[in-house]
Amino acid sequence: MSIASGTRGRHLTRRLVQLYAGLTLYGISSALLVLAGLGLEPWGVLHQGLAERTGLTIGVVSIVVGAVVLLLWIPIRQRPGLGTVSNVFVIGLAMDGTLALVPEIHGLPARIALLALGIVLNGVATGLYIAARFGPGPRDGLMTGLHRLTGRSIRLTRTLIEIAVVTTGFLLGGSVGVGTVLYALSIGPLAQFFLRFFAVPEATAGGATRSATGAAPGDAADADPEATTGGAPGATPEPGAVDAAVAPASPEGAILRR
């Protein structure tokens with residue numbers, strides 16, 4: 001997907017609102033995980049570790065890391081979308097803005113509640129921006145690009161990258177804890193649910209409804225044998241719904257493959 005190609009088609013206004021609302025909410029939810037202090041998502045661990053070492057804010061580090069990862073798309077021939085470039089900047093700015101406005105939270109019950117809220121909001125945010133169909137984020141695009149280049153499964157590629165990211169971040173001083181584990185276990189199902197909830201139907205030339213990820217019903221099984229999380233092959237979804245097997249088959253759905 002080129003940067004311009006996603007800015008055409010039906011429901012453009014709704015898709016743009018979903019994209020930027022989702023990215024902003026993603027930054028807010030990531031900041032809540034930082035404030036909870038019980039462990040961050042894998043890339044958040046790296047961002048926090050680098051922030052500790054460099055003296056930069058975690059949001060600025062997120063932007064810099066996103067830009068560096070985006071440069072890695074060049075040798076693996078990934079093509080960014082509007083959402084890819086927006087992802088780099090909006091999430092980091094939203095994180096720093098939230099951390100500047102929300103006071104430090106004390107007390108374990110409040111921190112646990114903040115952790116749970118951050119994880120759920122992160123799932124909502126992921127569903128919003130993926131369903132907008134403006135391209136994957138830099139980190140997810142790196143994973144799908146390496147998957148295509150190496151022939152290894154998305155699940156294996158993602159696992160290896162995230163282990164390396166968490167380990168590096170932890171050694172730099174990033175926060176790893178129960179929140180990291182809970183995030184890893186819950187973000188896939190949460191994002192899958194909200195992706196279906198926020199799906200934007202897209203009509204094909206023949207009038208058939210396509211899913212929010214741009215794949216025609218029944219394409220998922222052929223696109224990726226791992227993407228068999230549910231739904232009847234060949235079934236036509238109701239308007240506004242996404243077959244559960246479709247989302248993981250798209251580059252934007254890489255975060256769901258766990």
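Residues numbered from 1 in each chain as written. Predicted model: local features only at pLDDT ≥ 70, side-chain atom pairs only at ≥ 80, totals over all residues. Heavy atoms only, no water.

In terms of helices and strands, the protein chain carries ten helices and two strands. Listed N to C, the secondary structure of the protein chain is α-α-α-α-α-α-α-α-α-β-β-α in terms of helices and strands. Expressed as a percentage of its 258 residues, the buried residues of the protein chain come to 49%. Put simply, 78% of the contacts in the protein chain that link residues at least 6 apart link residues at least 24 apart. Summed over all atoms, the accessible surface of the protein chain reaches about 11500 Å², with 68% contributed by carbon and sulfur. (Helix = DSSP H or I, 4+ residues; strand = E, 2+ residues; numbered from the N terminus. Buried < 20%, exposed > 50% of the residue type's maximum accessible area, 1.4 Å probe, protein only. Contact = heavy atoms within 4.5 Å. Areas by Shrake-Rupley, 256 points an atom, 1.4 Å probe, with all protein chains shown as cover.)

If you check helix α2 (residues 42–54), its first and last C-alpha atoms are 19 Å apart, about what 13 residues at 1.5 Å a residue would give, namely 18 Å. All of the buried residues along α2 are Pro42, Trp43, Gly44, Val45, Leu46, His47, Gln48, Gly49 and Ala51. Check the buried side of α2 and you find it contacts α1 (12–36), α3 (58–71), α7 (138–150), α8 (154–172) and α9 (178–197). Immediately downstream of α2, the backbone of Gly55 shows phi near 85°, a positive value. (Expected span 1.5 Å × (residues − 1).)

In this section: helix α6 (residues 108–131). Helix length check: α6, at 24 residues, gives a terminal C-alpha distance of 35 Å against a target of 34 Å (1.5 Å per residue), a fit within 8%. One or two steps after α6, the chain reaches Arg133, where phi turns positive at roughly 65°.

Looking now at the nonpolar core. The biggest cluster of nonpolar side chains holds 44 residues, and the ones touching the most others in it are Leu19 and Trp43. Top contributing element to this core by residue count: α6, with nine residues. For Trp43, the contacting residues outside a window of four places in its chain are Val65, Val69, Arg139, Met143, Ile161 and Val165. (Core = buried A, V, L, I, M, F, W, Y, C linked by side-chain atoms within 4.5 Å.)

To continue, consider the packing of aromatic side chains. For any two aromatic rings, the description comes down to two numbers: the centre-to-centre distance and the angle of the planes. Applying the stated criterion across every chain, the model contains five aromatic pairs. With centroids separated by 6.4 Å and ring planes inclined at 20°, the aromatic side chains of Phe193 and Phe197 adopt a geometry described as stacked. Of this pair, Phe193 and Phe197 both sit in helix α9, four residues apart, which is roughly one turn of that helix. Exposure class is identical for Phe193 and Phe197. Each is exposed. With 5.0 Å between their ring centres and 90° between their planes, Phe197 and Phe198 make a pair best called edge-to-face. A network of ring pairs unites the aromatic residues Phe193, Phe194, Phe197 and Phe198 as a single cluster. (Phe/Tyr/Trp six-rings, centres within 6.5 Å; stacked < 30°, edge-to-face > 60°.)

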